[in-house]
Amino acid sequence: MNLLEVANLESAYGPVKAVRGVSLAVPEGRIATVLGPNGAGKTTLLKTLSGIIDPKRGSVRFGEQDITGRDPSHIVRMGLVQVPEGREVFPLLSVRDNLLMGAYTRTDRDGVARDLEVVQGYFPILRERATQDAGLLSGGQQQMLAIARALMAAPKMILLDEPSLGLSPKLTQEIFDIVLRINRERGTTLLIVEQNAHLALGVADLGFILENGRIVVEGACAVLRERADIQEFYLGLQ
Ligand code: ATP
């Protein structure tokens, strides 16, 4: 079953059309990746899915519901949660309070307490730094906090925007390993926008390549990895 279904989605900033008729589907429990050059519309696509930007046309279905144009807090409550590009942690709040902010739509206090333990199990550094201001964390630790904060919303699906941005290859690999674990252990569906095509195509099940607001190539990552044109343009191989 598809958890996310996007049909003919269009988004614009005034006259600037950023997403020009995107259709894609992500089956429940799978990892999908959206690749593409700078300015292709990847971030705008994610922001439209999470309700931050209102689409001009098209529809977004999540599970059984049409969530097109719904507000972000409704979409979070439905179980679709975005980890924004650049992390956007609250720098003057403690690490623990940042995590609790992720659970702001929840009323099940026992479940929240349980999930706090679970996410600190995935990212032990966040337990060690629980009382520190989040602004004092390194870039990699802030990325971990941003993912952990999304998990605190008990999501069915996470939209992950450029998790590797500004991180070393080693830290990026570490984060992708944990993302894979979250997918395997919790069944969380993921849509990952990523500059590091090599890594993303290695981790994801299905890939979409966005250029100029349109999907120009899509398919199983195992197939995309073997395609000569993709190797040349995205994997730097020839
Ligand atoms: P990047 O990898 O650089 O983040 P992207 O694929 O995520 O790129 P978007 O950030 O979605 O691309 O941008 C798509 C298009 O929309 C670009 O032409 C960009 O200049 C434009 N754009 C993005 N944000 C705004 C904005 N706030 N106002 C006007 N135009 C914007």
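Residues numbered from 1 in each chain as written. Predicted model: local features only at pLDDT ≥ 70, side-chain atom pairs only at ≥ 80, totals over all residues. Heavy atoms only, no water.

Student: Go over the sheet that holds strand β5 (residues 65-66) with me, naming the residues and quoting the values.
Tutor: The strand order β2-β1-β4-β5 describes an open sheet built from four strands, whose pairing is antiparallel. Of all strands in the sheet, those bounded by a partner on one side alone are β2 (16-27) and β5. Across nine bridges, the pairing between strand β1 (residues 2-13) and β2 is antiparallel. Bridged to Asn-2 within β2 is Pro-27. Sheet contacts for helix α1 (residues 42-49): β1, β2 and β4 (57-62); angle to β1, the most-contacted strand, approximately 115°. (Pairing = 2+ DSSP bridges. Helix = DSSP H or I, 4+ residues; strand = E, 2+ residues; numbered from the N terminus. Contact = heavy atoms within 4.5 Å. Axes fitted to C-alpha atoms, helices over the stretch in contact; angles between N-to-C directions.)

Student: Outline helix α6 (residues 139-151), supporting the account with residue identities and numerical values.
Tutor: Here α6 is 13 residues long and its end C-alpha atoms lie 19 Å apart, about the 18 Å a rise of 1.5 Å per residue gives. Where burial is concerned, most of α6 is hidden: 12 out of the 13 residues are buried. Residues Gly-140, Gln-141, Gln-142, Gln-143, Met-144, Leu-145, Ala-146, Ile-147, Ala-148, Arg-149, Ala-150 and Leu-151 constitute the buried set of α6. Contacts from the buried residues of α6 go to β6 (80-83), α3 (95-101), α4 (109-122), α5 (124-128), β7 (157-161) and α7 (169-186). (Expected span 1.5 Å × (residues − 1). Buried < 20%, exposed > 50% of the residue type's maximum accessible area, 1.4 Å probe, protein only.)

Student: Let's hear about the confidence of the model for the protein: which residues, and what values?
Tutor: Of all residues in the protein, 98% have pLDDT values of 70 or greater, and the mean over the chain is 93. At the level of chain-chain contacts, confidence expressed as ipTM amounts to 0.94, with global pTM at 0.94. (pLDDT = per-residue confidence, 0-100.)

Student: Pulling in residues and values, what's your account of the pairing of strand β3 (residues 31-35)?
Tutor: Most of β3 is tucked away, with five of its five residues classed as buried. Burial of β3 is two-sided: the residues Ile-31, Thr-33 and Leu-35 facing one way and the residues Ala-32 and Val-34 facing the other way are all buried. Strand direction decides the pairing type here: β3 and strand β8 (residues 189-193), joined by four bridges, are parallel. By the bridge assignment, Thr-33 is partnered in β8 with Ile-192. Judged from the four bridges that link them, β3 and strand β9 (residues 206-211) form a sheet pairing that is parallel. Its bridge partner lying in β9, Val-34 is registered against Phe-208.

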